[in-house]
Amino acid sequence: MPRIKKLFQLKYFSSLFEIIRKTSRKLPYLRLKFSQGIPASTQFKFLKNSSFTDEVSNQTLVFHLEGALLKAYSLFPYFMLVAFEAGGLFRALILLLLYPFVWLLGHELGLKVMVFVSFVGIKKEKFRAGTAILPKFFLEDVGVVGFDMVMKYKTKVAVTSMPRIMVECFLGDYLGIHVVIGKELKEFHGYFLGLMEENMDPATMCINNIGLGCFRNSRYQKIFSRCKEIYLVTEAEKKKWPVLPRKKSLKPLIFHDGRLAFRPTPLNTLSMFVWLPFGFLLHITRIMVFISLPFKVSGPLLAFSGMINTVSHSNVESSGEGKKRGMLYVCNHRTLLDPIYLTIVLMKSVSAVTYSVSRFSEVISPIKTVRLTRDRKTDEETMKKMLSKGDLVVCPEGTTCREPYLLRFSPLFAEITDDIVPVAIKLQVSLFYGSTASGQKCLDSAFHLTNPNPTCLIMILNKLPGWQTHNAGGKSKFEVANYVQRQIATALGFECTNLTRKDKYAILAGNDGIV
């Protein structure tokens, strides 16, 4: 009898609780019963990753996106992307200033505040962040362990705290998950009201599902109530997960839009707003240096301002001695300033032909630029005329690509001349992208030049041998274009694709890319 009384002393219960707490920290996943809404038949025990076997792969997995797949706990960066890219700088500043209140209000109320600030007044038909911007940042936050767990199941249902419009494209295109349970945004005459519907429809749920969520987040009891087993992962364990390698996603991320080149956490966003006044002055200074000073002087001054250029030269014969036509430099396209970077490297003035460039960019350009019409005969005559006057730069991709891929080269340049020099360009930025598919193109150069240290690597490759040209070598224009594409891709370590400008703009902007 004394032994029985001793067992019920508080210190023994405290010791037992401490043992369970320490054990749960060491185990990646915990099968646990929620306090309400879970059937009594649900089994409970500690499980490891190996417990997710192919034996249950034919069952339906219901997983919480933020808790089971994404490493980061805070949703602020995703709403900041929506606020900045879809709403503008002022809306992003408001969201940043409200962040302390969002943090103090807790998850539920804080989420409603972020949804309201980010979405209120946004036109639904013009909202492209969910398809063109957010997938890149979601992919960079997916934990490989959670991904492997989810992919073991044939049938998967994703549950999210965020509005469904933010995540459904990412889940469907890159993870192959087409059943998403999330709240819809209310709208009025095609504009978002910044409010979410209160209820989520669990109609797609079946009984005897397997649940996967976060130990810290147990709000979706109604969704998980039909699960016979529930696995929970701790935040501490998620932090140890490696990030999902790009090659493991079902679809490669080739195109993405938006201006922000960094993950906008509260601290990073605050740093951006502190930098903006200095960045604006730096942008004005760099433009003045571009326009007013000769290339031999502007190059060192721009390098002093933080624009880092790394150059790799090959032996390219000059086009100035006894030649009637100029040299054609064929580049991959990273930013609007590619021809200017090449001009500074060559230390001589060259002309450039461009697609879809704004009038403002043409006015402030320090080199001669001519807009192409996308009419083959007209553009061919224009390029021949410019080559007769000197060297010319052309970007046959027709548009920029940010990822390590090359789009299909237009073969028009191969018919015009045999004096072709491939140029490989690699660009790195820390704050802003200097290109856009759906934004204001007149601000492309401004955003690029606002970066503190934009780094550009330029590799001038060997001139095409005669046997690889169209006129002298008898190669078809497509063979020449593909050969130049492969040469540049090999130099950069990029991958060649058959995607075109139209493919990019159809995905990112929903148009044909003609400005």
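Residues numbered from 1 in each chain as written. Predicted model: local features only at pLDDT ≥ 70, side-chain atom pairs only at ≥ 80, totals over all residues. Heavy atoms only, no water.

*Asks:* How would you summarise the packing of helix H5 (residues 89-97) against helix H13 (residues 266-292) if you had to cite specific residues and measurements?
*Replies:* Orientation of H5 relative to H13, taken along the N-to-C sense of each, is 130 degrees, at an axis distance of 11 Å. Considering their axes alone, H5 and H13 lie oblique with respect to each other. Here H5 and H13 pass one another in a crossing that is left-handed. Facing H5, whose interface residues are Leu89, Ala92, Leu93 and Leu96, H13 presents Pro266, Thr269, Leu270, Met272, Phe273 and Leu276. Looking at side-chain class alone, the contact of H5 with H13 contains 9 nonpolar, 1 polar and no charged residues. (Axes fitted to C-alpha atoms, helices over the stretch in contact; angles between N-to-C directions. Helix = DSSP H or I, 4+ residues; strand = E, 2+ residues; numbered from the N terminus. Parallel < 35°, antiparallel > 145°, perpendicular 65-115°, else oblique. Left-handed = near helix turned anticlockwise from the far one by under 90°. Contact = heavy atoms within 4.5 Å. Nonpolar A, V, L, I, M, F, W, Y, C, P; charged D, E, K, R; others polar.)

*Asks:* Give a detailed account of the UniProt feature "transmembrane region" (unreviewed entry) in the chain, specifying residues and quantitative values.
*Replies:* Sites flagged by UniProt as "transmembrane region" (unreviewed entry) map to residues 75-98, 104-122 and 273-295. Here residues 75-98 is 88% helix and 0% strand, with 14 Å between the C-alpha atoms at its ends. In residues 273-295, helix accounts for 91% and strand for 0%; the two terminal C-alpha atoms are 32 Å from one another. (UniProt positions renumbered as here; feature names shortened; annotations may be inferred.)

*Asks:* Describe the side chain of Thr343, listing the residues and the values that go with them.
*Replies:* Among the structural elements, Thr343 can be located in helix H15 (residues 338-346). Given the relative accessible area of 0%, Thr343 is considered buried. Of the polar contacts made by the side chain of Thr343, one reaches the backbone oxygen of Pro339; its length is 2.8 Å. When sequence neighbours within four positions are dropped, the list of residues in contact with Thr343 reads Phe295, Lys348, Ser349, Val350 and Ile367. (Buried < 20%, exposed > 50% of the residue type's maximum accessible area, 1.4 Å probe, protein only. Polar contact = N/O pair within 3.5 Å; in protein donor to acceptor, adjacent residues only side chain to side chain.)

*Asks:* Tell me what's going on with the pattern of salt bridges, and back it up with residues and numbers.
*Replies:* This structure, assessed with the given rule, holds 19 salt bridges. Its salt-bridge partner being Arg164, residue Glu168 comes within 2.9 Å of it at the nearest N-O pair. Residue Glu168 and its partner Arg164 are located together in helix H10 (residues 164-175), separated by 4 residues, close to a single helical turn. When its relative accessible area of 34% is taken as the criterion, Glu168 is described as partly exposed. The exposure class assigned to Arg164 is partly exposed, which follows from its relative accessible area of 24%. In this structure, Lys238 and Glu235 form a salt bridge, with 3.8 Å as the shortest nitrogen-oxygen distance. With Lys238 and Glu235 both in helix H12 (residues 235-239) and 3 residues apart, the pair spans about one turn of that helix. (Salt bridge = Lys/Arg side-chain N within 4 Å of Asp/Glu carboxyl O.)

*Asks:* Can you tell me about the confidence of the model for the chain, naming the residues and giving the values?
*Replies:* Residues at a pLDDT of 70 or more form 82% of the chain, whose mean pLDDT is 84. Per-element averaging of pLDDT across the chain places strand S2 (residues 46-47) at the bottom with 38 and H5 at the top with 97. (pLDDT = per-residue confidence, 0-100.)

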